[in-house]
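Chain residues, written in single-letter form:
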Amino acid sequence: DAGVIQSPRHEVTEMGQEVTLRCKPISGHDYLFWYRQTMMRGLELLIYFNNNVPIDDSGMPEDRFSAKMPNASFSTLKIQPSEPRDSAVYFCASSRQGNSPLHFGNGTRLTVT
Amino acid sequence: GQQVMQIPQYQHVQEGEDFTTYCNSSTTLSNIQWYKQRPGGHPVFLIQLVKSGEVKKQKRLTFQFGEAKKNSSLHITATQTTDVGTYFCAASGSARQLTFGSGTQLTVLP
C-alpha cells in the first residue's frame, strides 16, 4: 500500500499563474477529500468526492478554485489565477467510507508570491 | 458543517508530565476521530470513538467519548519527546464529512 500520493511536494509560483495540484488516492477508497491548512484557519475541508462524483464543494473559497476526479485513481485541484492568500499546505485524503478514518497524503506546500 | 471546539491551543509540558486535550461540540456527534500531526508532517489517524461513554487505550494514550456524545478527550500519561506534535479531534455529525478541531500543539521539554 503506497498510501495517498500527492504532487508536487512544493510549489512556488507568482500571483496570477495557474496552479494544479495532483492526488492519487489509495486503491479501493471510495471517498477523496481536499483540505487546506493554514496557521490562521487550521484544517479546512474544500471539497470531497464519492465514487468520483463531487458531493460537497461548499468549502471551495471562490470560483478561482476547481477540482476534478476523472477516475477513481486521480484527482486535481486547480487554482486560476493564484493569489498570495492561497499560500498554504494542501492535503489530499482518502477513505473507504464516509465516516472511515482518513489517510492523508504528504501535502503540497504552495507559496504564491 | 459540524463545529468542534478544541482546547487548549498550546501546551508545554516537562517530559514525564501528563497531557490532556479536550474537544467539545454543541450538538451530538455520530463519532469522533483523533489524529496526530508531527511538525512538517501530515495528520495521521490515531483512533475512532463511536459509542457513548467509550474509553479506548493505546499504550500511554487514553481516549474518551462523553456520555452525551458531545465531547471527547485525549490523555497522555508520562509524556515523551516522541509525543511532540499537534493533536486534532475530528467530528462527524449527520453529514459524512469530518470537521477538524483547531488542534492542540504539544511541546515536550526534555
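Provided above is the structure to which this section pertains.
Criteria and thresholds
Residues numbered from 1 in each chain as written. Chains lettered and ligands numbered in written order. Predicted model: local features only at pLDDT ≥ 70, side-chain atom pairs only at ≥ 80, totals over all residues. Heavy atoms only, no water. Pairing = 2+ DSSP bridges. Helix = DSSP H or I, 4+ residues; strand = E, 2+ residues; numbered from the N terminus. Contact = heavy atoms within 4.5 Å. Buried area = accessible area lost by both parts, 1.4 Å probe. Salt bridge = Lys/Arg side-chain N within 4 Å of Asp/Glu carboxyl O. Polar contact = N/O pair within 3.5 Å; in protein donor to acceptor, adjacent residues only side chain to side chain. Nonpolar A, V, L, I, M, F, W, Y, C, P; charged D, E, K, R; others polar. Disulfide = S-S within 2.5 Å. Buried < 20%, exposed > 50% of the residue type's maximum accessible area, 1.4 Å probe, protein only. Axes fitted to C-alpha atoms, helices over the stretch in contact; angles between N-to-C directions. Patch = residues over 30% accessible without salt bridge, like charges linked within 9 Å, V, L, I, M, F, W, Y side chains within 5 Å. Areas by Shrake-Rupley, 256 points an atom, 1.4 Å probe, with all protein chains shown as cover. Phe/Tyr/Trp six-rings, centres within 6.5 Å; stacked < 30°, edge-to-face > 60°. Core = buried A, V, L, I, M, F, W, Y, C linked by side-chain atoms within 4.5 Å.

The next point concerns the pairing of strand β5 (residues 44-49) of chain B. All names here are of chain B. Pairing between strand β4 (residues 31-37) and β5: five bridges, direction antiparallel. Residue pairing across strands places Q33 opposite Q48, the latter belonging to β5. Linking β4 back to β5 in an antiparallel pair, the connection comprises six residues, with G40 at a positive phi of about 80°.

Turning our eyes to something else, we now look at the interface of chain B and chain A. Every contact between the two is made by 17 residues of chain B and, on the other side, 17 residues of chain A. In total, about 1500 Å² of surface goes out of reach between chain B and chain A, with carbon and sulfur atoms giving 52% of it. Summed over the shared surface of chain B and chain A, the result is zero salt bridges. For the pair chain B and chain A, the number of links is five residue pairs in polar contact (both at pLDDT 80 or more). Those elements that place two or more of their residues in the side of chain B that touches chain A are β4, β5 and β9 (85-92) of chain B. For the side of chain B that touches chain A, the leading source of residues is β4(B), giving four residues. Taken together, the residues of the side of chain B that touches chain A break down into seven nonpolar, nine polar and one charged.

With that out of the way, let us pick up the state of the cysteines. The tally for this structure, following the rule as stated, stands at two disulfides over all chains. Linked covalently through their sulfurs, C23(A) and C92(A) form a disulfide whose S-S length is 1.9 Å. Between C23(A) and C92(A) the sulfur-sulfur dihedral comes to about -65°; the bridge is accordingly left-handed. Of the two residues, C23(A) is situated in strand β3 (residues 19-24) and C92(A) in strand β9 (residues 88-95); the sequence distance between them amounts to 69 residues. Judged by relative accessible area, which is 0%, C92(A) ranks as buried. One disulfide bridge connects C23(B) with C89(B), the sulfur atoms lying 1.9 Å from each other. Given an S-S torsion of about 65°, the disulfide between C23(B) and C89(B) has right-handed geometry. Of this pair, C23(B) sits in strand β3 (residues 19-24) while C89(B) sits in strand β9, and the two are 66 residues apart along the sequence.

Across a sheet, strands are paired by hydrogen bonds formed along the backbone, either parallel or antiparallel in direction. All names here are of chain A. In space, the four strands of this open sheet follow the order β1-β3-β8-β7, with antiparallel pairing throughout. At either end of the open sheet lies a strand with only one pairing partner, and these are β1 (5-7) and β7 (65-71). Put simply, the sheet's adjacent strands are angled 15° from each other on average, direction ignored. Where β1 meets β3, three bridges bridge the pair, whose relative direction is antiparallel.

Attention now moves to a nonpolar patch on the surface. A surface patch of nonpolar side chains, amounting to about 460 Å² of accessible area, comprises M39(A), M40(A) and Y10(B). Mapped onto the elements of the fold, M40(A) is located in the loop between β4 (31-38) and β5 (42-50).

Before going further, it helps to examine the packing of aromatic side chains. Scanning all chains against the criterion turns up 13 aromatic pairs over all chains. Ring plane angle 15° and centroid distance 6.3 Å describe the contact between Y31(A) and F33(A), whose orientation is recorded as stacked. Residue classification places Y31(A) among the buried positions, given a relative accessible area of 9%. For F33(A), a relative accessible area of 1% puts it in the buried group. When the centroid spacing of 6.2 Å and the interplanar angle of 80° are considered together, the rings of F88(B) and F100(B) count as edge-to-face. Highlighted residues: F88(B) in strand β9 and F100(B) in strand β10 (residues 99-100), separated in sequence by twelve residues. Here F88(B) and F100(B) have matching classes, each one buried.

Residues and elements named next belong to chain A. Counting residues in hydrophobic clusters, the biggest one holds 21 residues, and the most contacted among them are W34, L77 and Y90. Those elements that provide at least two residues to this core are β3, β4, β5, β7, β8 (74-79), β9 and β11 (108-112). Each residue touching L77, except ones within four places of it in the same chain, is listed here: V19, T20, L21, W34, L46, M60, S66, A67 and Y90.

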